[in-house]
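Secondary and tertiary structure notes
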Amino acid sequence: MSGTVLLVASWSPDEVRTFSACLDGGQRSVVIAKDVQSALGVLTGAPPEAVICDTEGQMGLDLLRAIATSALHGRFAVLALTGPDDLVGRVVALELGADDAVSRPWSGREIALRVRAMLRRSPERPAVGAVRIGRLEIDPAAARVSVGSSDLHLSALERRLLLAIATRGGSVVARET
């Protein structure tokens, strides 16, 4: 979903419209998910460029945990919005894999600039489809790695590292990947 931002929050339609208008003057479309299940449904389809997640309630933290422990991790930039002056909330969001976190009060313009900066810094995201090299198959969407007919039981981190190495075509892979 190039040019799309997923907003995971329980905001009013007016707040969403105001927020959406701030994202590159409405150049990016905003998809709204009001709960973790609908957000994961969007994310497992065609991942957006970025996810903006309201972590002031438990729902946002649950979503960050779900992303961090799945094959979705690293496919899109994640910005966490936390409560007023919530240092602990920002730290928790970053520990759970958010690329950036900001506390209330914030402005729509600030969020738009942070999203733009995250996208500018983001490496090219890995392909969604399965990658095959000889008998090795890495299927990020299914969170599955196999050699021939045997499944390898790898952690999410191990799968991401293997995918990064496999998709770089002999190039050096930075530690941050």
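As a starting point, this report considers the structure included with it. (Residues numbered from 1 in each chain as written. Predicted model: local features only at pLDDT ≥ 70, side-chain atom pairs only at ≥ 80, totals over all residues. Heavy atoms only, no water.)

Section: the overall build of the chain
This is how the line gets drawn: Here a strand is any run of E in DSSP of at least two residues, a helix any run of H or I of at least four, and the numbering for each starts at the N terminus. Buried residues are those whose accessible area, probed at 1.4 Å on protein chains only, stays under 20% of the maximum for their type, while exposed residues exceed 50% and partly exposed ones sit between those limits. Should any heavy atoms of two residues lie within 4.5 Å, those residues are considered in contact. All accessible-area figures derive from a Shrake-Rupley calculation using a 1.4 Å probe, and residue coverage is judged against the displayed protein chains alone.
Regarding its fold elements, the chain presents six helices and nine strands. Buried residues in the chain amount to 41% of all 177 residues. Residue pairs at least 24 apart in sequence account for 59% of intrachain contacts in the chain once pairs closer than 6 positions are excluded. Entry remark: accessible area of the chain is about 9,400 Å², with carbon and sulfur atoms responsible for 55%.

Side note on the pattern of salt bridges
Note that side chains of opposite charge can pair when their charged atoms are close. As a reminder, the rule being used: We define a salt bridge as a side-chain nitrogen of Lys or Arg found within 4 Å of a carboxyl oxygen belonging to Asp or Glu.
Across all of its chains, the model carries seven salt bridges by this definition. Among the ionic contacts, a cluster of salt bridges with common partners joins D54, E56 and R104.

Section: the sheet that holds strand β8 (residues 144–147)
Sheet strands pair via backbone hydrogen bonds, and the direction of the pair is either parallel or antiparallel. Let me state the cut-off plainly: A pair of strands is considered paired only if DSSP assigns at least 2 bridges between the two. Working convention: axes come from line fits to C-alpha atoms, limited for helices to the stretch in contact. Angles between N-to-C directions cover 0 to 180 degrees.
Taken in spatial order, the four strands make up an open sheet running β6-β7-β8-β9, and their pairing is antiparallel. Sheet topology places β6 (131–133) and β9 (150–152) at the edges, where each strand pairs with a single neighbour. Taken pair by pair, the neighbouring strands of this sheet meet at an average axis angle of 25 degrees, ignoring direction. Where β8 and β9 come together, three bridges link them in antiparallel fashion. Bridge pairing in β9 places V147 opposite S150.

As for the side chain of S146
Quick reminder of the rule: Counted as a polar contact is a pair of N or O atoms within 3.5 Å, where, for protein atoms, one must be capable of donating a hydrogen and the other of accepting one, and residues adjacent in sequence contribute only when both atoms are in side chains.
With respect to the element layout, S146 can be found in strand β8. The class of S146 is buried, set by a relative accessible area of 1%. Separated by 3.5 Å, the side chains of S146 and R144 make a polar contact. If we skip the residues at most four places from it in the chain, S146 touches R135, L136, E137, D151 and L152.

Re unusual backbone geometry
In this structure, P105 follows R104 across a cis peptide bond, with omega equal to -5 degrees. Looking at the secondary structure, you find P105 in the loop between β5 (100–103) and α5 (108–121). Positioned with a positive phi, D85 is a non-glycine residue whose angle comes to about 45 degrees. Along the polypeptide, D85 turns up in the loop between β4 (77–82) and α4 (87–95).

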